[in-house]
Each structure stands twice: as C-alpha cells, then as structure tokens.
Amino acid sequence: MNENTPISPTGLLDGKVGFVTGAGRGIGAAAARLFAREGARVVLAARTESELKAVTEEIRAAGGTAEHVLCDLADADSVRAAVDRAVDLYGRLDVAFNNGATIQPPGPLDQLSDAEFDRVAAVNLRGPWLAMKAEIAAIRATAGRGAIVNNSSVGSLAANPELPVYGAMKRAVNSLTASAAVTYGREGIRVNAVAPSLTLTEMVDEWERQSPGIIDRLTAQNPLGRAAAPEEIAQAAAWLLSDRASYVNGVILQVDGGVRA
C-alpha cells in the first residue's frame, strides 16, 4: 500500500456514531470521510464553517451520513455543546477522534511568547481534555461502551527542538490518554492515541512557509522516503476506534513510516 492506493470500505464502523474534531481539513477531514465510508454516522467539528460544510456535503454526496457543528477547542462551553449536538442528532455517541490542534511558531522555546504558549496549550492540551470529558460522559449516558482516539505526534516521543511547546503538549496528551485508558477501561471505554510523523496537511504547509525546506529534510529521514497522506493516519484511527481493536487500550500507536524505529 502507498498513499495513493484505494482501500475498499469494510464496514469497520458500521452502526456507530462518531465525533471528529478538526474535521474541516487535513487528517480530521480525511477521518470524517473514512469513518462515513466505513458505516459511521459522523459529526464534524471545527471552527471554520465553510470548511466543515464542504466536507459534510462531500460525505453526503458519496452516500454517507454527516452533520457539522462549530466548535472552538479553547472554549469549554463550545466543546460541550458540540458533543451534546452529536447526541441530539443521532441519539448516542460511540466513538470520537480528537484530532483538532494548532501549530506553534517554530523555533527555540525561549523565543516563544507567553501568549503563544497559552494559545497552544489551550487548543492542544486543554482542548483534548475538555473533549474527552464531554465524550466520556456522552458515551457513558448513551452507548454505554465506546472508544476514543487522540491525535498525538511522534514529535512528542523525543526532544523536539523545532516545535518544543507543540511537542510538550502532545506528550501531555499521551499521558492523559494512558490515564484515561486505565480509568475508563473497566467501563468498556477504550482510549488510545495515534502518533503520526510528517503528514501532508495544511498545518505542515504552514510549517514549511515558516521553516523553508522542513518537508524535504524530514522526508529524507523517513525509512519509507515520503510523508504520510492524511488518510493513512485516519486509517489507523479508524481501526483503533473499531471493534477489531477491542483489546487495544492505552496505546500510543506510531504511524510514522518507521522514523522512530
């Protein structure tokens, strides 16, 4: 398989209601499309309505079931309302992919402003924490059992001098993931994370604009000799959310082409 190989749907998420943050573009949009193809009814959440609407309409045109809701991960009320909207629409919540994130201006940690630190922390750490709280409550009250996947980064697994605060927040998400897995596993709510390496998204395009050459440099370090396509990360998240991963809990799954091997 490579990034251009089509994969036929197999009903991986048949009958499930799924919630995806950061679903207007990149990995989140790829995940929303994939989850719908795999049989889920999907609620897409993000801050930009035009992007959400475009992806939602694309899913519907392909025969899937999707709705969208505006959601700001830095706003607790907004996050709770978005998850509640999924339950209002479909009567339950089974699975959630906490993908939404923001990037920091690249560079040494002493060059990052206090305001930028707070912004990255609010979206990339507090956001997934708020989402998990709301999702666990919704799963517990409706489906009873379910699964959550957080989107981390291989940049959380080692020193990250290019994006030190981004890496630190993602490492904290790994810790939240493990703690939640242990806490809620006995209720039948599994919590895992995916840790992608360089993936060709709009966020990475912005990184390239600020650090010219970073895509080529990181691609050259990857054993597969290329970056990931967003759908390749989405495929891993879909499997972790599915019943086929029913005994997988508390894992930070590296989806990185072997760069951290």
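Because the structure is predicted, anything quoted here is derived from the model rather than measured.

Colleague: Requested: an account of the overall build of the chain, with residues and values cited.
Modeller: The secondary structure content of the chain amounts to 8 helices and 7 strands. On C-alpha atoms alone, the chain measures out to a radius of gyration of 17 Å, which is about the 18 Å that the 2.2 N^0.38 rule sets for 261 residues. By principal-axis analysis of the C-alpha atoms, the chain measures approximately 45 × 40 × 35 Å. Residues counted as buried form 51% of the 261 residues belonging to the chain. Of the accessible surface of the chain, which amounts to about 11700 Å², a share of 50% is contributed by carbon and sulfur atoms. Computed over 25 positive and 30 negative side-chain charges, the separation of the two mean positions in the chain equals 6 Å.

Colleague: Outline the nonpolar core, listing residues and values.
Modeller: Counting 36 residues, the largest nonpolar core has F35, V42, L44, F97, V194 and L241 as its most contacted members. Ranked by residue count, the leading element in this core is helix α1 (residues 26-37), at 8 residues. Setting aside residues no more than four positions away along its own chain, F97 makes contact with F19, V20, T21, I27, A31, F35, V149, N150, N151, V194, A237 and L241.

Colleague: Explain the packing of aromatic side chains residue by residue, including any values.
Modeller: What describes a pair of aromatic rings is the distance from one ring centre to the other and the angle between the planes of the rings. Under the definition given, this model contains 1 aromatic pair. Aromatic side chains F35 and F97 sit 6.2 Å apart centroid to centroid with 55° between the ring planes, which places their arrangement in the tilted category. In this pair, F35 is assigned in helix α1 and F97 in strand β4 (residues 95-98), connecting sequence segments 62 residues apart. When its relative accessible area of 0% is taken as the criterion, F97 is described as buried.

Colleague: Could you give an account of the environment of I27, with specific residues and numbers?
Modeller: The topology assignment puts I27 in helix α1. The spatial distance from the C-alpha of I27 to the C-alpha of V165 is 21 Å, given a sequence separation of 138 residues. The residues contacting I27, other than those within four sequence positions of it, are F97, N99, N151, P196, T199, T201, P230, I233 and A234.

Colleague: Can you break down the pairing of strand β3 (residues 65-70) residue by residue, with the values?
Modeller: In this structure, strand β2 (residues 41-46) lies alongside β3, joined through 6 bridges in parallel fashion. Looking at the pairing, V42 lines up with A66 of β3. In this fold, the crossover linking β2 to β3 by way of helix α2 (residues 49-61) has right-handed handedness.

Colleague: How would you summarise the sheet that holds strand β7 (residues 252-255) if you had to cite specific residues and measurements?
Modeller: Across the sheet, which stays open at both edges, the 7 strands sit in the order β3-β2-β1-β4-β5-β6-β7 with parallel pairing between neighbours. Where the open sheet ends on each side, the last strands, each with one partner, are β3 and β7. With strand direction ignored, the average angle separating the axes of adjacent strands in the sheet is 20°. Examined bridge by bridge, strand β6 (residues 189-196) and β7 share 4 bridges and lie parallel to one another. Within β7, the position partnered with P196 by the bridge is V255. Contacting β1 (17-21), β4, β5 (146-151) and β6, helix α4 (residues 114-141) runs over the sheet at an angle of about 170° to β5.

Analysis parameters
Residues numbered from 1 in each chain as written. Predicted model: local features only at pLDDT ≥ 70, side-chain atom pairs only at ≥ 80, totals over all residues. Heavy atoms only, no water. Helix = DSSP H or I, 4+ residues; strand = E, 2+ residues; numbered from the N terminus. Rg over C-alpha atoms; globule rule 2.2 N^0.38 Å. Buried < 20%, exposed > 50% of the residue type's maximum accessible area, 1.4 Å probe, protein only. Areas by Shrake-Rupley, 256 points an atom, 1.4 Å probe, with all protein chains shown as cover. Lys, Arg positive; Asp, Glu negative; His and termini not counted. Charge placed at Lys NZ, Arg CZ, Asp CG, Glu CD. Core = buried A, V, L, I, M, F, W, Y, C linked by side-chain atoms within 4.5 Å. Contact = heavy atoms within 4.5 Å. Phe/Tyr/Trp six-rings, centres within 6.5 Å; stacked < 30°, edge-to-face > 60°. Pairing = 2+ DSSP bridges. Right-handed = clockwise from strand over helix to strand, strands pointing away. Axes fitted to C-alpha atoms, helices over the stretch in contact; angles between N-to-C directions.

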